[in-house]
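Chain residues, written in single-letter form:
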Amino acid sequence: MKKKHIITNVNKNIVKNFYSDFVFKYKIDIIFAFILLIIVASTSSIYPYLIQLVFDGLLKVKNYEWIILPFVIAFVAIVRGVAMFFQIRQVSKISLSISLDVQKKLTKHLINADLNELNKISSGNHVSRIMNDVVLIRDGFERTINNLIRDVFTILALFSYLMWLDWLLSVLVVIIYPLALRPIVKIGKKQNIIATTLQEQMETVTSTLTEMLQGIRMVKSYNLENMEINRSENVLNSLFRKTFNLIIGRAKILPILEILGGVAAASVIGLASYRVSIGELTPGSVVGYITALLMIAQPARALGTFNTVLQEALSALERIYKQLNICPKVNSLSSAPDIKISRNKPPEIVFKNVSFSYDNRNKVLNNINFIAKPGSKVALVGQSGAGKSTIINLISRFYDPSNGEITINEVNIKDINLSSLRDNISLVSQETIIYNKSFLDNIRFGNLNATDLNVKKAAKNADIDKFISNSLNGYDTIVGESGNTLSGGQKQRVSIARAILKDAPILLLDEATSSLDPETENEINKTLEKLTKNKTTITIAHKLSTIVNCDQIILFNKGKIVDAGSHKELIKSSELYKKLSTIGI
Ligand code: ADP
């Protein structure tokens, strides 16, 4: 088999990285596994020789030395059995530990990745990578150790025995075997391509099903069940076809080896019988020879399918490294200082000539300049898609501006330690994220060190305390997946309670109430009023009533600021503002 076809140069680097990142730390365990593998391999390759001795001994009836042989065979079997148990245990322990490390590293990488990077593929695909690709790598690793050490060693030992018994016969076997490897290598390459498309299909299935369940309310309300059933059936059918193709490819390999084994055995029996008849071989050595030949078939078969499993693992490894090699661009130097903002002295936020694009092509913000004075309330107003949420994304540093700078108390936010920056910002958005945990835990995300008493105080300020106290288990009530036991208003109040608990000096409100009914919206806006006290607030709102009292209203249109001022000023001077305030902002 030509090695260069098995591992390409690209793969070589990936394998090297994989070795240093994940495998090297288990080197002692691996050495121990190697010892066990060699014990298993050597004990199994002793069998044919023992059988040869038994047969030759049996034929010489008067020689009773062979009686000891059953005990030797039993001893070898016991050693082999025990070594086998520890070998399987050892190899599984290493491969499971490695896959756990890969899963942890991938998860950590995803949590720290830029939003831009995360949004490139669906969350289902990310999950599939963490689950399915890691299984492929584990299989590949186990097979590499088992096949390359145990099986190659077994084959070498058995083949040396065969050569020692009869080199001519053995050469014959060796000529036939490589002929079979050609189609197997060919099948292996095809399998590699199928494996990649299968993996992609697996990701599609995961993301389709996740999407279907996430959107189940929309599906039911629009009576789209049949469409969704068809969609999921299509992706599942395609997965079936691809999996079946892969299995067929694998299935072709075994019969080829089986036929070859049969042909080899037949030729050996023919030639060996002839040699026994002319007295060149003893019957015992023929039995030993055939036993060794049959025993060689199993590890040879395993080596035959090894390439396929290895290719599947390599393509999984390639996908995983592609992900791991993307470094987050939004980052802070470890030396970046914390920002210190006193709780009763809210900061000034300044945008200086800020431009931004999500995809490096379309400018979403174009030369934005404004000042949010300490403790002031700034409203961002404009039509959908104008760039308002992007402003909030940039202040939180979910993305960095392409040009210009944003400062807090005259310090560029890029020069502030990232976690310290985010410690000073509370973000309440339209999208409320509620975990399937208790109310207590859900609110405590605002400040993990908060006491139960402080959590309850925050809930009171967010006007959700009564509702929580009346729930089945009070603050310990589990709120269901995505908070599905709560109304939109209740979810929003939980997230406001979080922000109250955090008590950060910068408050960002991204259409916090726009998905609620007018009555709830009014009530929640009153609650939010309390939250904005002594904070620099930037709010995106649709209702005129929520922005009239803002210190500054900034009007956005297609990524540019077109007007700015107080409500009184704008209603006089800005045509667009007048229009927006009559049709609804
Ligand atoms: P607004 O909040 O004013 O409705 P946004 O700031 O959300 O507007 O969006 C401004 C523009 O940026 C829109 O054209 C939108 O399609 C685009 N956009 C928003 N988020 C992303 C993203 N994650 N990737 C690419 N484009 C985006």
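Residues numbered from 1 in each chain as written. Predicted model: local features only at pLDDT ≥ 70, side-chain atom pairs only at ≥ 80, totals over all residues. Heavy atoms only, no water.

### Comments concerning the overall build of the protein chain
For the protein chain, the count of helices and strands is 20 helices and ten strands. Computed over C-alpha atoms, the radius of gyration of the protein chain comes to 35 Å, more than 25% over the 25 Å expected from 2.2 N^0.38 for 585 residues, which places it beyond the range of a compact globule. Principal-axis analysis of the C-alpha atoms places the extent of the protein chain at approximately 120 × 55 × 50 Å. In the protein chain, buried positions account for 46% of the 585 residues. Contacts in the protein chain between residues at least 24 apart in sequence constitute 79% of all its contacts with a sequence separation of at least 6. Accessible surface, the protein chain as shown: approximately 31,100 Å² in total, 59% of it carbon and sulfur. (Helix = DSSP H or I, 4+ residues; strand = E, 2+ residues; numbered from the N terminus. Rg over C-alpha atoms; globule rule 2.2 N^0.38 Å. Buried < 20%, exposed > 50% of the residue type's maximum accessible area, 1.4 Å probe, protein only. Contact = heavy atoms within 4.5 Å. Areas by Shrake-Rupley, 256 points an atom, 1.4 Å probe, with all protein chains shown as cover.)

### Describing the domain arrangement of the protein chain
In terms of domain boundaries, the protein chain breaks down into domain 1 (11-324) and domain 2 (432-503). Taken over C-alpha atoms, the centre of domain 1 sits 51 Å from the centre of domain 2. (Domains from an automatic or database assignment.)

### Examining the packing of aromatic side chains
Taken as a whole, this structure holds 13 aromatic pairs when the rule is applied. Seen from their ring centres, Tyr435 and Phe445 are 5.0 Å apart, and the 50° between their planes marks the pair as tilted. Placement of the pair is Tyr435 in the loop between strand 6 (425-429) and helix 13 (439-444) and Phe445 in the loop between helix 13 and helix 14 (452-461), with a sequence separation of ten residues. When its relative accessible area of 35% is taken as the criterion, Phe445 is described as partly exposed. A cation over a ring is seen here: Lys27 above Phe24, with NZ or CZ 4.5 Å from the ring centre. (Phe/Tyr/Trp six-rings, centres within 6.5 Å; stacked < 30°, edge-to-face > 60°. Lys NZ or Arg CZ within 6 Å of the ring centre and 35° of its normal.)

### Observations concerning the pattern of salt bridges
Taken as a whole and judged by the stated rule, the model has 18 salt bridges. Residue Arg275 is joined to Glu280 by a salt bridge in which the shortest nitrogen-to-oxygen separation is 3.7 Å. Looking at Arg275, the relative accessible area reads 16%, which means it is buried. A salt bridge links Glu529 to Lys377; the nearest nitrogen and oxygen atoms lie 3.0 Å apart. Of this pair, Glu529 sits in helix 17 (residues 518-532) while Lys377 sits in strand 3 (residues 377-382), placing them 152 residues apart in sequence. On the accessibility criterion, Glu529 (43% relative accessible area) is partly exposed. Bridged by salt links that share partners, the residues Asp166, Arg275 and Glu280 form one connected network. (Salt bridge = Lys/Arg side-chain N within 4 Å of Asp/Glu carboxyl O.)

### Thoughts on the site of the ligand
Around the ligand sit Asn119, Tyr358, Val364, Gln383, Ser384, Gly385, Ala386, Gly387, Lys388, Ser389, Thr390 and Tyr399, and that is every residue in its neighbourhood. The contact in question runs from an oxygen atom of the ligand to an N or O atom on the backbone of Ala386, over 3.1 Å. Look at the ligand: alone it shows 560 Å² of surface, and the protein chains cover 61% of it. The greatest single-element share of the shell around the ligand, amounting to three residues, is contributed by helix 11 (residues 388-395). (Near = heavy atom within 4 Å. Polar contact = N/O pair within 3.5 Å; in protein donor to acceptor, adjacent residues only side chain to side chain.)

### Observations concerning helix 17
For helix 17, spanning 15 residues, the distance from its first C-alpha to its last is 20 Å, which sits close to the expected 21 Å at 1.5 Å a residue. The inward-facing, buried residues of helix 17 contact strand 3, helix 14, helix 16 (488-502), strand 7 (506-510), strand 8 (536-540) and helix 18 (544-547). Note on helix 17: the residue one or two positions beyond its end, Asn534, has a positive phi of about 60°. (Expected span 1.5 Å × (residues − 1).)

### Observations regarding the packing of helix 4 (residues 69-112) against helix 6 (residues 123-165)
With their axes 9 Å apart at the nearest point, helix 4 and helix 6 run at an angle of 150° to one another. As judged from the angle between their axes, helix 4 and helix 6 are roughly antiparallel. In the packing of helix 4 onto helix 6, the handedness of the crossing is right-handed. (Axes fitted to C-alpha atoms, helices over the stretch in contact; angles between N-to-C directions. Parallel < 35°, antiparallel > 145°, perpendicular 65-115°, else oblique. Left-handed = near helix turned anticlockwise from the far one by under 90°.)

### Examining the sheet that holds strand 1 (residues 349-357)
Taken together, four strands build an open sheet; the order of strands is 2-1-4-5 and the sheet is antiparallel. The sheet is open, and its two edges are formed by strand 2 (363-372) and strand 5 (411-412), each paired on a single side. Direction of pairing for strand 1 relative to strand 2: antiparallel, over a ladder of six bridges. Bridge pairing links Ile349 to Ala372 in strand 2. (Pairing = 2+ DSSP bridges.)

### Describing the side chain of Arg444
Residue position: Arg444 is located in helix 13. A polar contact of 2.7 Å, which involves the side chain of Arg444, links it to the backbone oxygen of Ala450.

### Considering the nonpolar core
Side chains of nonpolar character tend, in soluble globular proteins, to be buried together. The biggest cluster of nonpolar side chains holds 32 residues, and the ones touching the most others in it are Phe351, Ile391 and Ile538. Other than its neighbours up to four places away in sequence, Phe351 contacts Ile368, Asn369, Phe370, Ile391, Leu394, Ile395, Glu405 and Ile406. (Core = buried A, V, L, I, M, F, W, Y, C linked by side-chain atoms within 4.5 Å.)

### Regarding the sheet that holds strand 6
Read across the open sheet, the six strands follow the order 6-7-8-3-9-10; overall the sheet is mixed. Strands at the two margins of the open sheet, each flanked by one partner only, are strand 6 and strand 10 (560-565). The sheet shows a mean angle of 15° between the axes of neighbouring strands, direction not considered. With five bridges joining them, strand 6 and strand 7 adopt parallel strand pairing. Directly across from Leu427, in strand 7, lies its bridge partner Leu508. Across the face of the sheet, helix 17 comes into contact with strand 3, strand 7 and strand 8 while running at roughly 155° to strand 7.

### Notes on the packing of helix 4 against helix 10 (residues 283-324)
Where helix 4 meets helix 10, the axes come as close as 10 Å, and the angle between the chain directions of the two elements is 35°. Every pair of crossing elements has a handedness; the one defined by helix 4 and helix 10 is left-handed. Of the residues in helix 10, those in contact with Val102, Lys105, Leu106, His109 and Leu110 of helix 4 are Ile320, Gln323 and Leu324.

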